[in-house]
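What follows is the residue order along each chain.
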Amino acid sequence: MTKPLRTLLPTVLAAAVLLAPLALTATPAHAALQPDRSCGTVTNADTAAAASLNTVLTGKLAHAMTAYRASCARAIVATTRARGLPDQAAVIAVTTAIVESELRNNPNVLDHTSVGLFQQQTWWGSFEERLDPAYSTNAFLDAMLRAYPNGGWKTQPVGVVCQKVQVSAFPGAYQPQAADAQLIVAAMTPAPAPAPASRVHVSAVDANGALRATDADYAGPGWSGTWAPLGGSGLKALTSAVTGDTMHVFALGSTGRVYTMDADYNTGQWSSGWQEVPGGAEGATALSATTIGNRIHLNIVGSDGALHATDGDYAGPGWSGSWAPLGGSGLTALASAATGDTMHVFALGSTGRVYTMDADYGTGQWSTGWQDVPGGAEGATALTASTTGNWVHLSIVGSDGALHATDGEYGGAGWSGTWVPMGGSGLTALASTVTGNTMHVYALGSTGRVYTMDADYTTGRWNGGWQDVPGGLEGATALTASTTR
């Protein structure tokens, strides 16, 4: 599996040596020191946080917090929270930054090649990347997760984890700052939660092999009632994923090559035409896409009937340009969903049984081989997956042409072990997405019309039967669904 392009060299190389009081002598006397780099706009909240923290901090930054340092702490905490990691991870990162840079985004090379909040050397990234608070924090967190697979960092003292990542010449320097880091993180009040995502974008391949799309606002006026024609020809399969307010649709062309087109829901504009996803995939027969942060993880069933995967960073360097082979044989359909930094891929085998395999994007590792999803489903012909919290909601079209559903809680009770029959007949394709705690399943009927049914995971109830999606589309052969605010 292609790992994110911010991948580091082995942790043993990642020594970020603690700055000694005389470290400034490493800079030639004639070289003017550059001012600290910004960590983002300094706000009134940063000024207030610094003033409050100066009354309670007792470590290295006692009476030394400034609005600027608070802004740097806020950048670290925001990046950590954006990954869905608990604040304990932010405490570890802030502790490290207190020791290494005194919470300053320092561009001056004072020790070997170290710069930035974490005093990272060249193997962590380019000079500018190491001075990007989000990049450097993510690089630190990636190294931490890699050093402690399966969440082992959660049970270790803060200073031990810092040292494991940094491999400092002063291993005892971190733990004394952990209590202050805890106070600093607690002072970084999370921003108000955004309004729940409520707009669903459903796309389908029409009877002519072209893309069509429609929208529904589940918190407002409902469906638009039209299927906008968006071009293309000979399309065979669809999937989609969202970064920010942009939906990325992926399609298989007539030769099984993979193409993509974007829709920006701030402007309402689609990109001009289809672009090929790099890597030269040919003969693919199924695909799925999942978003973790700004990175989309795209999976296909190749011409060999096995799983292949690639990554695209929509806020950075773009597509990896290669399709990593991941095994399997005789696969006929795919779906995927994410919990935290883990992507769960689901596939139908040659007999219609449902299998799963995981990829952990904290460590870059895939699980060992395919596992059977409990419940004994056999003869399935289509599947889809959606996530609410740590729950994955998996739906299939069974051998009877009807919908069947099961749930798996990752980090908890695991799979329910039963496939609940939900009705319908002659279904040929599925898609699903979530608004709030409600999963919306979409299906193609025997005539290629699009239908929908909802499941409320607050109450555990499904609504009463299938409803026609307005617009009168007929003869569709594939569909996908995504949610934006």
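The shown structure was predicted, so the numbers you read here are calculated from the model rather than taken from an experiment.

(A) Representation of the overall build of the protein within the structure. Scanning the protein for helices and strands turns up seven helices and 30 strands. Computed over its C-alpha atoms, the radius of gyration of the protein comes to 25 Å, within 12% of the 23 Å expected for a compact globule of 485 residues. Across its three principal directions, the C-alpha atoms of the protein cover 75 × 45 × 45 Å. The 485 residues of the protein split such that 52% are buried. For the protein, the share of sequence-separated contacts (at least 6 apart) that also reach a separation of at least 24 residues comes to 53%. Counting 22 positive and 34 negative side-chain charges, the protein places the centres of these two groups 5 Å from one another.

(B) Expanded view of helix 5 (residues 133-147). With 15 residues, helix 5 should reach 21 Å at 1.5 Å per residue; the first-to-last C-alpha distance of 21 Å fits that figure. Burial analysis of helix 5 places 13 of its 15 residues in the buried class, the great majority of the element. Among the residues of helix 5, the N-terminal cap falls to D132, whose side-chain oxygen and the backbone nitrogen of A134 are separated by 2.9 Å.

(C) Focus on the packing of helix 1 (residues 44-53) against helix 2 (residues 67-82). Following both chains from N to C, one finds helix 1 and helix 2 inclined at 105°, their axes separated by 8 Å at the closest point. When the interaxial angle is binned, helix 1 and helix 2 end up roughly perpendicular. Here D46, T47 and A50 of helix 1 lie close against helix 2, whose contacting residues are A67, A70, S71 and R74. Of the residues assigned to the contact of helix 1 with helix 2, the class counts are three nonpolar, two polar and two charged.

(D) Molecular detail of the packing of aromatic side chains. With the rule as written, the count across this model stands at seven aromatic pairs. Measuring from ring centre to ring centre gives 6.2 Å for Y218 and W223, while their planes differ by 75°; the resulting arrangement is edge-to-face. The class of Y218 is partly exposed, set by a relative accessible area of 31%. Between the aromatic rings of Y410 and W415, the centroid separation amounts to 6.1 Å while the plane-to-plane angle is 80°, which identifies the pairing as edge-to-face. Each member of the pair, Y410 as well as W415, carries the same accessibility label: buried. Through successive ring pairs, a cluster of aromatic residues spans Y218, W223 and Y442.

Thresholds applied
Residues numbered from 1 in each chain as written. Predicted model: local features only at pLDDT ≥ 70, side-chain atom pairs only at ≥ 80, totals over all residues. Heavy atoms only, no water. Helix = DSSP H or I, 4+ residues; strand = E, 2+ residues; numbered from the N terminus. Rg over C-alpha atoms; globule rule 2.2 N^0.38 Å. Buried < 20%, exposed > 50% of the residue type's maximum accessible area, 1.4 Å probe, protein only. Contact = heavy atoms within 4.5 Å. Lys, Arg positive; Asp, Glu negative; His and termini not counted. Charge placed at Lys NZ, Arg CZ, Asp CG, Glu CD. Expected span 1.5 Å × (residues − 1). Polar contact = N/O pair within 3.5 Å; in protein donor to acceptor, adjacent residues only side chain to side chain. Axes fitted to C-alpha atoms, helices over the stretch in contact; angles between N-to-C directions. Parallel < 35°, antiparallel > 145°, perpendicular 65-115°, else oblique. Nonpolar A, V, L, I, M, F, W, Y, C, P; charged D, E, K, R; others polar. Phe/Tyr/Trp six-rings, centres within 6.5 Å; stacked < 30°, edge-to-face > 60°.

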